[in-house]
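Observations on the three-dimensional arrangement
Each chain is listed here by its residues.
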Amino acid sequence: MKVMAQMGMVMNLDKCIGCHTCSVTCKQAWTNRSGVEYVWFNNVETRPGQGYPRRYQDQEQWKGGWVRNRRGRLALKAGGRWRKLLTIFANPVLPNIRDYYEPWTYDYETLTDAPLGDDFPVAQPTSLISGQSMAVEWSANWDDDLGGGPEIGPRDPIVERVRRESEDKVRFDFERAFMFYLPRICEHCLNPSCVASCPSGAMYKRAEDGIVLVDQDQCRGWRMCVTGCPYKKVYFNHRTGKAEKCTFCYPRVEVGLPTVCSETCVGRLRYIGLFLYDADRVTEAASVADEHDLYAAQLDLLLDPHDPAVIAAARREGIAEDWLEAARRSPVYKLAKTYRVALPLHPEFRTMPMVWYIPPLSPVVDRLTETGHDGEDAGNLFGAIDALRIPVEYLAELFTAGDPEPVRGVLQKLAAMRSYMRDVTLDRPRDESAAAAVGMTGAEILEMYRLLAIAKYEERYVIPTAYEAQAHHLEEIGCSLDVDGGPGMVAASGPFGEASGRATPVSVETFHALRTRQTSDSLADPGERGARVNLLNWDGKGRPPGMFPPPRETPPAPGNLTAGGGGPESAVGAPTSEDRR
Amino acid sequence: MSILDVLLWGVLPYVTIAILVGGTVWRYRYDKFGWTTRSSELHESRLLRIGSPLFHFGLLVVIVGHVIGLLIPKSWTDAAGLSQDAYHLQALVLGAIAGFCTLVGVGILVYRRRTTGPVFSATTRNDKLMYAVLIAAIVAGLATTLLGASGGEEHNYRLTVSPWFRSLFVLQPDIEAMARSGLAFQLHTLIGLTLFAIWPFTRLVHAFTAPVGYLFRPYIVYRSRTGGPASRAPRRGWERVGTAPGGSSARRGR
Ligand code: HEM
Ligand code: SF4
Ligand code: SF4
């Protein structure tokens, strides 16, 4: 047994309102640069829907992930080492930018510059890739909220698969449609096929916390990782010619802060914590014969952090005590393994993804309520979960390689919790049989409810900091002292055209990007320095200066040109603790 | 042996080698971030899928041909019983085919660059210069191969260019041998030297990091936050406190 620690995430889909705040804040922190305009490290897609990039789940087309070959061994779906090298000059299955979408802006200037005429001037969409005006035909969220339903929805690969069994399993007509949102980030897999696909060995899994990263200095732009990832969560920066991906906000996580997407999640539905797993058995678990066994095999890899044998083995591997403590308090371990309500996304890709999802019960509840039933009643709900097979089968294709049993189990637990808690809230006698029906006790249900419904910041995010002893090795610290040239590096291009020169550390880069934005003529707050807040550095506590524009009551003193608006410090109060959630 | 000959065939090669080696080392040290193929497949893959393999595979054959032709002395092939005519024929056929593929491939690539909007706007001046020199080298090379078909003694580069090339590496350049070769060879050689001189400063550096190591490493790469290639040597003035100088780098290099 080789114990390793893995940073993991759980998302409770019932609570996702599809607001895209996570996507937007992530983009503002990480991909608001040219070259990655089309990149969303975090995206939220409506299911049923085609996803982003279009139909990424169809591995017959995109060849991502692993397959089990005839000898029972794992092989990369897109082909092994030799095949990769022989097709390196032109990757046979690389998504085109249009499979994501062609990013665009609008020619806003005509709105003000157009000569006087009979027609209203229009801001035409202009491609950010070619600079030409373009027709917008697709985007990362084109089919949001079932937009274009009957036309676009049926092209969802999961819908296609479910319908293969019976034509009218999934309906898109208004009365019978169902939908929910699926926020996605990189899964930081235990068996990452992106890493395995990288010819230059630039991608790696961090030994300490399992975060999967791209070494920007070693990436040579062979773009095989993009094909390798079945979730299409490695992106090609078309300007720098290097791969980029979700970093699990490592600069934040290293100091104990949750990722930006979690921090800003409106539904507060994300949980972050540690898993301990047995690294020696990953390949074995990923190669089980029956796809339906993959979920169980993956669960089986997760080690019980309370087990003295596991603790001893973890200590032997040099895992620190505060990390072991964090593993014991880990909300993600509880949701995935103790309560078994969180499921992995597409285990059949065999990458052992480490972002887990609590499937939504709401389509079932909604349907019940619509048909005039009591949607909170355990008996009704249990029956409906089975009767309304549509969501269950769809969810099973997403989370358990098509095996409806585990999904049904989770939904029943959630249903039992709903009805049990209603009795608690209404002060009625508690129905222990509802709990017993899903193999739990009332106390366990209460505990699970606490974690799912009212857990506060410290319980949702149990993140140990990088080892104290190593604090000075943190990548950010190492890098930011490492920068040649200093300020101004970002906008300027290196001697060999853009994107040459050294990689700029994240903190320095965002700092400069921020400053450029601040000093440019921006709409939000013209001429005001310190007027924007970098969410990457925001710990969610308090209201840093500049988060909101300063109040306008105090006009600048005449002649005082340097301190506009009375100064951001004085305008906004000191950070308060009232925002702490 | 004129001054020009000395300069061209006795001095220039060493200057080129110095630029190539020094430039590559310098670029590797200071511009790892810029060291990439800068693939444009995200924008266009239909033409790339024909042009790029045609060009690269053709070029690999051409490179192997150059290595054989320049490094293996004629006396060796003679001793092996390969007659000049037989050698010439296979070199001509293989070389012409590979050269032709390379040329067509690069033609497709340039056509694609010019006509695909996004690829064209991602083309730098550096790329344009590189393509000019590269195509010139290929055309001149193909010309020498075809000229060689006429078979005159002055076209037997294995008696002129090759000895000169080998003599460079023992630091006794055989300038006369090179001066004796035909104009086409001299031109091709000069363009080739230019290509090598600009090589480290263009996207061509990607060829130096051809990922053969992929065949031998385990699939999943783990790296530690400390140690391993991910962490950097401390900058001067920021070394860690320790007793032995370089102690921290010893730790890093485990
Ligand atoms: C065996 C080592 C090599 C490998 C693995 C390799 C691989 C690649 C790859 C992956 C691309 C990017 C294609 C794309 O997606 O846009 C590329 C482009 C290119 N390579 Fe190579 N290459 C090698 C050697 C060379 C050599 C020796 C040369 C020239 C002397 C060369 C010249 C080029 C050029 C000019 C391009 C740009 C093509 C374009 O987009 O217009 N390569 N190479
Ligand atoms: S989800 Fe993340 S870790 Fe997994 S294969 Fe894709 S990029 Fe790699
Ligand atoms: S911020 Fe939260 S609620 Fe909003 S889309 Fe993202 S995950 Fe869903």
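The structure presented is a predicted model; accordingly, all values stated were derived computationally and were not measured.

Moving on, we get to the overall build of chain B. Within chain B one finds 10 helices and one strand. Starting at the N terminus and ending at the C terminus, chain B contains elements arranged as α-α-α-α-α-α-α-α-α-β-α. Of the contacts made within chain B by residues no fewer than 6 positions apart, 76% connect residues no fewer than 24 positions apart. Accessible area for chain B stands at about 13,500 Å²; split by element, carbon and sulfur atoms hold 70% of it.

Along chain A, the regular secondary structure elements total 26 helices and 14 strands. When the 581 residues of chain A are sorted by exposure, 57% land in the buried category. Counting only carbon and sulfur atoms, one obtains 54% of the accessible surface of chain A, whose full area is about 24,000 Å².

Moving on, we come to the coordination of the iron atom of ligand 1. All names here are of chain B. Surrounding the iron atom of ligand 1 are the protein donor atoms His56 (NE2) and His206 (NE2), at 2.0 Å. Considering all six donor atoms around the iron atom of ligand 1, angles at the metal cover 86 to 178° and the coordination shape is octahedral. Note that His56 is positioned in helix 2 (residues 46–71) and His206 in the loop between helix 9 (183–198) and strand 1 (222–223), a separation of 150 residues in sequence. For His56, a relative accessible area of 19% translates into the label buried. On the accessibility criterion, His206 (15% relative accessible area) is buried.

Turning next to the site of ligand 3. The environment of ligand 3 is formed by 14 residues, the closest being A:Cys16, A:Cys19, A:His20, A:Cys22 and A:Cys265. Classifying every residue of the shell around ligand 3 by side-chain character gives nine nonpolar, four polar and one charged.

This part takes up the UniProt feature "binding site: heme b 2" (unreviewed entry) in chain B. Residue and element names in this part refer to chain B. The sites that carry the UniProt feature "binding site: heme b 2" (unreviewed entry) are, in the present numbering, His66. With respect to the secondary-structure elements, His66 resides in helix 2. What His66 contacts, discounting residues up to four positions off in sequence, is Leu71 and His188.

Residues and elements named next belong to chain A. The four strands are arranged 12-1-14-13 in an open sheet whose pairing can be described as mixed. Each having just a single partner strand, strand 12 (270–278) and strand 13 (343–344) make up the two edges of the open sheet. In this structure, strand 13 lies alongside strand 14 (residues 355–358), joined through two bridges in antiparallel fashion. In the sheet register, Pro344 faces strand 14, and the bridge partner there is Trp356. Against the sheet, helix 16 (residues 331–338) touches strand 1 (3–12), strand 12 and strand 14, its axis set at about 70° to strand 12.

Before going further, it helps to examine the confidence of the model for chain A. Residue and element names in this part refer to chain A. Here chain A shows a mean pLDDT of 84. Residues at 70 or above account for 82%. Taken element by element, chain A is modelled with least confidence in helix 26 (residues 568–571), mean pLDDT 39, and with most confidence in strand 14, mean pLDDT 98. Low pLDDT (under 50) marks residues 522–531, which in the prediction has 21 contacts with non-local residues, meaning those over four places away or in another chain. Here residues 559–581 is modelled with pLDDT under 50, and outside its nearest four sequence neighbours on either side it reaches 33 contacts, counting other chains as well.

Near ligand 1, the surroundings consist of 24 residues, among which A:Arg223, B:Ser39, B:His56, B:Tyr131 and B:His206 are the closest. At the site occupied by ligand 1, nearby residues are drawn from chains A and B. Between an oxygen atom of ligand 1 and a side-chain N or O atom of B:Ser39, the distance comes to 2.6 Å. Here an oxygen atom of ligand 1 and a side-chain polar atom of B:Arg113 are 2.8 Å apart. At four residues, helix 2 of chain B tops the list of elements feeding residues into the shell around ligand 1.

Moving on, we get to the packing of aromatic side chains. Residues and elements named next belong to chain A. Inspection of every chain in the model, using the stated rule, returns 25 aromatic pairs over all chains. Pairing Tyr38 with Tyr235 gives two aromatic rings, centres 6.3 Å apart and planes at 75°, and the pair type is edge-to-face. Of this pair, Tyr38 sits in the loop between helix 1 (21–30) and strand 2 (43–47) while Tyr235 sits in strand 10 (residues 234–237), and the two are 197 residues apart along the sequence. Take Tyr38: its relative accessible area is 0%, and that puts it in the buried class. In this structure Tyr235 comes out as buried when scored by relative accessible area, which is 1%. Considering the side-chain rings of Tyr52 and Tyr235, the 6.1 Å spacing of their centres and the 25° angle between planes classify their relative orientation as stacked. Here Tyr52, found in the loop between strand 2 and helix 2 (59–62), pairs with Tyr235, found in strand 10; they are 183 residues apart in sequence, far enough to count as distant.

Rules and cut-offs
Residues numbered from 1 in each chain as written. Chains lettered and ligands numbered in written order. Predicted model: local features only at pLDDT ≥ 70, side-chain atom pairs only at ≥ 80, totals over all residues. Heavy atoms only, no water. Helix = DSSP H or I, 4+ residues; strand = E, 2+ residues; numbered from the N terminus. Contact = heavy atoms within 4.5 Å. Areas by Shrake-Rupley, 256 points an atom, 1.4 Å probe, with all protein chains shown as cover. Buried < 20%, exposed > 50% of the residue type's maximum accessible area, 1.4 Å probe, protein only. Donors = N, O, S within 2.8 Å, 3.2 Å for Na, K, Ca; no water. Tetrahedral: all angles 85-135°; square planar, octahedral: opposite > 155°, others 65-115°. Near = heavy atom within 4 Å. Nonpolar A, V, L, I, M, F, W, Y, C, P; charged D, E, K, R; others polar. UniProt positions renumbered as here; feature names shortened; annotations may be inferred. Pairing = 2+ DSSP bridges. Axes fitted to C-alpha atoms, helices over the stretch in contact; angles between N-to-C directions. pLDDT = per-residue confidence, 0-100. Polar contact = N/O pair within 3.5 Å; in protein donor to acceptor, adjacent residues only side chain to side chain. Phe/Tyr/Trp six-rings, centres within 6.5 Å; stacked < 30°, edge-to-face > 60°.

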